[in-house]
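# Results of the structural survey
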Amino acid sequence: MERGAVLLGRRLGFFAVTVLLLKVIFFVFSAKAQVSLSQSNAASGDMHREGYCSMYGICAQRSDGKDLNCAQGSLATKPDGLLSSRIQSLCPTITSNVCCNAAQFETLHDQVQQAVPLLVGCPACLRNFLNFFCELSCSPNQSLFINVTSATQVNNTMTVNGIDYFITNTYGEEFYDSCKDVKFGSMNTRVMDFIGAGAENYEDFLSFLGRQAALNSPGSPYKIDFKTNAPLSSGMKPLNSTIYSCGDSLLGCSCGDCSSSSTCSDSAPPALLEKSSCKISMGSVRVKCIDFSLAVLYITTSSALLLWTFLLRKGERGPLSKPKPLFNGNGENELLSGYKQQDTNPPMHLWVSHGSKAAEDKHFFDFHLAPFYRIEQLLLATLPLSKNAMAPSIVTDQNLKLLFELQKKVDTLHANYSGSKVFLGDICMKPLDDNCATQSVLQYFKMDQKRYDDYGGVQHAVYCFEHYSSEETCRSSFHAPLDPGTVLGGFSGSNYSDASAFIITYPVNNEVGDAGNENGKAVAWERAFIQLVKEELVPMVQTQNLTLSFSSESSVQDELERESSADVVTILISYLVMFAYISFALGDSPQWPSFLVTSKVLLGLSGVLVVMLSVLGSIGFYSAIGVKSTLIIMEVIPFLVLAVGVDNMCILVHAVKRQATDMSLDRKISNALVEVGPSITLASLSEVIAFAVGSFIPMPAVRVFSMFAALAIFLNFILQVTAFVALIIFDILRTDDNKIDCFPCVKLPSSVGSERVILQRKSGFLVRYMEDFHAPILAIPGVKSVVIAVFTAATFFSIALCTRLQAGLEQKIVLPRDSYLQGYFDDLANYLRVGPPLYFVVKGFNYSLESNQTNKICSTSHCDSNSLLNEITKASLNPESSFIAKPAASWLDDFLVWLSPEAFGCCRKFTNGSYCPPNDQFPCCQPNGGTCGIDGVCKDCTTCFHQSDLHDGRPSTAQFREKLPWFLKASPSANCAKGGSGIYSSSIDLTGFDSGMIQASSFRTYHSPLSGQMDYVNAMRAARDFSSRVSDSLKIQVFPYSVYYIFFEQYLHIWKTAWTIIAIGLGAVFIICLVITCSLWTSAIILLVLSMIVVDMMGVIAILKIQLNAISVVNLVMSVGIAVEFCVHITHAFLVNGGDRGSRAKAALCTMGASVFSGITLTKLVGVIVLSFAKSRVFVVYYFQMYLALVLIGFLHGLVFLPVLLSICGPPSRCDSDEKPENQPTVPAETISS
């Protein structure tokens, strides 16, 4: 569920395998500084005027090989024709003399080619960036804005060590503004994070560009100070050359790269409206409109009801009218002729059917692209020094060294699988080379403890937190920049040094198939990993006063299996306690020795066996036709059928006891069935139909539960009116023969039999309670008014609470209380700062030039302003409502840039037309320290296309088809950061690619950090709404996909599902009652009380903060079935008794109240209480708390509110109190026994 989603948010770093292109950024000033700063001071001294250079030529090199410019001025020189044309191709603003020689320009050119792929998607930014360094390196008026401030002697030559670069504020601001929003797609971030270290203004941007690089680090070999005011006496003036706006019509950028672009002004996405709740102000108090409305309605309704009751009682005189009796003269019910009427599913199948959108999207994604990776994770955190204190920083030398020790044990860990050893390196994800893409702060040391001291220890880690995207030494062992936000936790903003937790994530390859054992090696290693952490790593950490929480991909499943077995004993004890009570409740008063005969232990156990047979029959039938049972069925169905079955058992047994002792056995049975048969039939058929109709609900958990419940209750009804009645007859015969219960072969003396007859004439405790206390209390007019007022208020209050009920299922609740995952989920919520990954998947992308779908999707220059990727970028600007945190990583954008002739280091070909890699890759660059240069095997490589070969920058259909496979096999490097190998290998399905159609392609972004269940639901809803709107606008099939969607889709429609199934159940009960009783009045009262029970149940679960999910919905459906038992029997007894409403209500309580109370209320109470001792919170919350609430609410409504309501406005009697069927008793209390 919610866990997979959160965990997969950790994949941020390794998807961004654009790796070596970090050096790309600093290349520019690195080379530019080397290349250009050589000629400001003329031979005559400090000369700052047109035509003079501040520095010229390369005089030496640093120890790391970086070129150092000569610290001497000279006149600008005129280049030869070849050099001049080359300079103008890169620097079109420089057309005459220059301040750089051929060697300097060649260095500049080589370095610039690394930056071009990053910026070419926004032509204005690229042109400004190139012009900025062209002016620095080759401007003929270099001395007017460049001043050498520091020089160092190297090999007897003065070289530049520092300069001032004068620019105007306007120039700096416009330069920064043109580039600040440009995306770096493969990293789901902005290019400014690389070329400006995430600068928020132009001062920080230029300051970063001008810093002096340390040895073996990319950047300028000397310091560049950017200033805006030149000394008046110097003759210098700040550079203020032309800056192109990113919204320029000729060099305009896409909406995704430039929010101020004119093409974006009319395409802003509609703001997602926040749901505002209506409130009413009364002085300083503000209440919700619904609460106020319910209060007014309650007061009005209560007043009207009380007034009506008063008037009714005042005008009530004489006997009530007597409609046609339900029984014929022969004492037989006219309806009796008609009343002859294993856990293998995975958890996700409880919530989502195979035809659901989430299931279809997941199948499409897994089949056409790639399944999500498996995640193994450690969270190492510090402990606060006191209760209210902040946890100290974990970024210390001691903790980093401890982390290396933990990592060493993980690296050497192996598991046995099919006779072979499995190490982490055998199963981990390796995007580019043989190194695992482990997400850990140790990656800043290449996962090598030997480099810890060499790099500077903890200070190097702190440095990398700010420069992870720029410093080569900060790159991971798998060559990707590693965002510190993915490996640190417990920090605020970007204060990474204050982090209180290390987050270590091991991505493991995942396989999806039908066999179910594709991940056998991974599962074996994961279980060994968990064992290692428990036995070795946790003790190591605890000695350092730290905490360690952990998880693996298979942890949840393993813990759920452990939970299921752990609570089996608790469930069995619960059922055994209920069985014991049932056996006791069916018998007479426990007085020795007659109790040996009058007890009903054997009958009770036989009745329980009948219930179990009905459950097994239901499970067996559906298993035979291929419908598999679920865990919910195995836990809930027996409870439900026991509730219904035991109630019917008590009613039947007590009805037989109420018959006259001098009656023949067959007449006793006949009269008992006539007396209670209709209500049993009515209740059972109502429940069967309610559950049967519920089987049409699409949610599998609810549908399968309804199917099993309907058949189980039907079988239970059939068995009880046949087999159990026969068992009652055998028990009566045993009792009449004075034989001991459970030992029918042993017979007691006849004296015990006479004592037994006397005891049977005495009223039982529950009957006496109902007759002497319960019924008389409810007959008091004042009590009736209070009951009506209180229950009505409770209903209105519950309606108000229903609006506060939230959907979801907390992960911690479904796990054992002692599970190690409990602490892990707590730490995950406290420390994680990354949202789950989100993919926008495009179906059927027609890449032909004629379709123009490329421009409808991409976000580079010349793309449609409302394209898919531009819309994603705009949505990411408002993450609070869109739940999209970043622009999407786009293989299409990177492919178009890689293909562009401007990115001259990317798409290249040999003279024979085959692919030629960048100059820093094999075979252009020889391995093992071999040479890299233009004189090798790649010297004749040319760009794949000239600008004229493309159509407005777009490839033809044939060009697209030919070059896309090249792109997906091209590895990213410093000379071309846009290679697709490793980054986009699983982003495109090339099956049938030659036909001009890409069946599936994905564009990755991230949700904003999600903290609660409703955040996940709202994020999913927002993503689907966004995709639907974009699909309709672009006429392209787009859907969002995240790994957690399949678990949370149920909550998008859980309210609709809940109300639908409840409405269907209540409607079915109403119709059955109407058909059988032929009384709209009676059916309406039953419907009202059932509705109140369900509404009050929802109010109680809102108070208990129980969330709405498949389990709680099943329980609500079950509550309808059990509520019928509380209501129907009392109502039927009220109908068949004569007299006024008050006396009939009392008689109904005396005859049926004790049976219902003992059959349902007490039976369930003793069983439910045992569930409170379960180890799993899911049993405590969803079974103990909800079942307890159901039993108490049902009891109060069925035995308190319903009798009062019937006594006030109950339907007319169906028989005259003086007219009784032959030999039918008048229900004297003396003959009633509990």
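In case you missed it, the structure is sitting above this.
Let me begin by describing the structure that accompanies this report. It should be emphasised that the depicted structure is a prediction, and the values quoted were computed from it without experimental measurement. (Residues numbered from 1 in each chain as written. Predicted model: local features only at pLDDT ≥ 70, side-chain atom pairs only at ≥ 80, totals over all residues. Heavy atoms only, no water.)

Another point: the overall build of the protein. Counting its secondary structure elements, the protein contains 40 helices and 27 strands. Within the protein, the fraction of its 1234 residues that count as buried is 58%. Accessible area of the protein: about 48,000 Å², with a carbon and sulfur share of 57%. (Helix = DSSP H or I, 4+ residues; strand = E, 2+ residues; numbered from the N terminus. Buried < 20%, exposed > 50% of the residue type's maximum accessible area, 1.4 Å probe, protein only. Areas by Shrake-Rupley, 256 points an atom, 1.4 Å probe, with all protein chains shown as cover.)

As a further point, take the pattern of salt bridges. Taken as a whole and judged by the stated rule, the model has 19 salt bridges. Between Asp558 and Arg527 there is a salt bridge, and its shortest N-O distance comes to 2.9 Å. Pair noted here: Asp558 is in helix α18 (residues 555–566) and Arg527 is in helix α17 (residues 520–542), with a separation of 31 residues, a long-range link. Between Arg734 and Asp731 there is a salt bridge whose closest N-O contact spans 2.9 Å. Taken as a pair, Arg734 and Asp731 lie in helix α24 (residues 700–736) at a separation of three residues, close to a single helical turn. Among the residues examined, Asp731 registers a relative accessible area of 7% and is labelled buried. The network of salt bridges with common partners includes Lys600, Asp731 and Arg734. (Salt bridge = Lys/Arg side-chain N within 4 Å of Asp/Glu carboxyl O.)

Here the focus is the nonpolar core. Ranked by internal contacts, the top residues of the largest apolar core, which has 329 residues, are Tyr444, Phe502, Leu868, Trp891, Trp898, Phe960 and Leu964. At 22 residues, the largest contribution of residues to this core is made by helix α40 (residues 1177–1209). Residues Phe364, Tyr839, Tyr1041 and Val1043 belong to the second largest nonpolar core, which totals 10 residues. (Core = buried A, V, L, I, M, F, W, Y, C linked by side-chain atoms within 4.5 Å.)

Attention now goes to the state of the cysteines. Enumeration according to the criterion identifies 13 disulfides in this entry. Through a disulfide, Cys59 is tied to Cys70; the S-S separation comes to 1.5 Å. On the S-S bond that ties Cys59 to Cys70, the torsion sits near 115 degrees, and the link is right-handed. Here Cys59, found in strand β3 (residues 58–61), pairs with Cys70, found in the loop between β4 (67–69) and β5 (74–75); they are 11 residues apart in sequence, far enough to count as distant. For Cys70, a relative accessible area of 6% corresponds to the buried category. Shown here is the disulfide that connects Cys125 with Cys179, its sulfur atoms set 2.0 Å apart. Of note, the bridge from Cys125 to Cys179 carries an S-S torsion of about 110 degrees and is right-handed in sense. Pair noted here: Cys125 is in helix α6 (residues 123–138) and Cys179 is in helix α7 (residues 169–179), with a separation of 54 residues, a long-range link. In this structure Cys125 comes out as buried when scored by relative accessible area, which is 0%. As a non-bridged cysteine, Cys1073 has Cys1127 as the owner of its nearest cysteine sulfur, 9.3 Å distant. (Disulfide = S-S within 2.5 Å.)

Another aspect to go through is the packing of α6 against α7. Contact geometry for α6 and α7: axes closest at 8 Å, N-to-C directions at 135 degrees. In terms of their interaxial angle, α6 and α7 are classed as oblique. α6 and α7 meet at a crossing whose hand is left-handed. Touching Cys125, Asn128, Phe129 and Phe132 of α6 are Tyr171, Phe175, Ser178 and Cys179, all from α7. Of the residues belonging to the contact of α6 with α7, the class tally is six nonpolar, two polar and no charged. (Axes fitted to C-alpha atoms, helices over the stretch in contact; angles between N-to-C directions. Parallel < 35°, antiparallel > 145°, perpendicular 65-115°, else oblique. Left-handed = near helix turned anticlockwise from the far one by under 90°. Contact = heavy atoms within 4.5 Å. Nonpolar A, V, L, I, M, F, W, Y, C, P; charged D, E, K, R; others polar.)

This structure, assessed with the given rule, holds 52 aromatic pairs. Ring geometry for Phe791 versus Phe1201: centroids 5.3 Å apart, planes at 25 degrees, classification stacked. One end of the pair, Phe791, is in helix α27 (residues 781–802); the other, Phe1201, is in helix α40, with 410 residues separating them in the sequence. The same class applies to Phe791 as to Phe1201, namely buried. On the basis of an interplanar angle of 20 degrees and a centroid distance of 5.2 Å, the ring pair of Tyr1016 and Phe1048 is categorised as stacked. Residue Tyr1016 is located in helix α34 (residues 1013–1034), and its partner Phe1048 is located in helix α35 (residues 1045–1052); the two are separated by 32 residues in the primary sequence. The buried category is assigned to Tyr1016, whose relative accessible area is 1%. (Phe/Tyr/Trp six-rings, centres within 6.5 Å; stacked < 30°, edge-to-face > 60°.)

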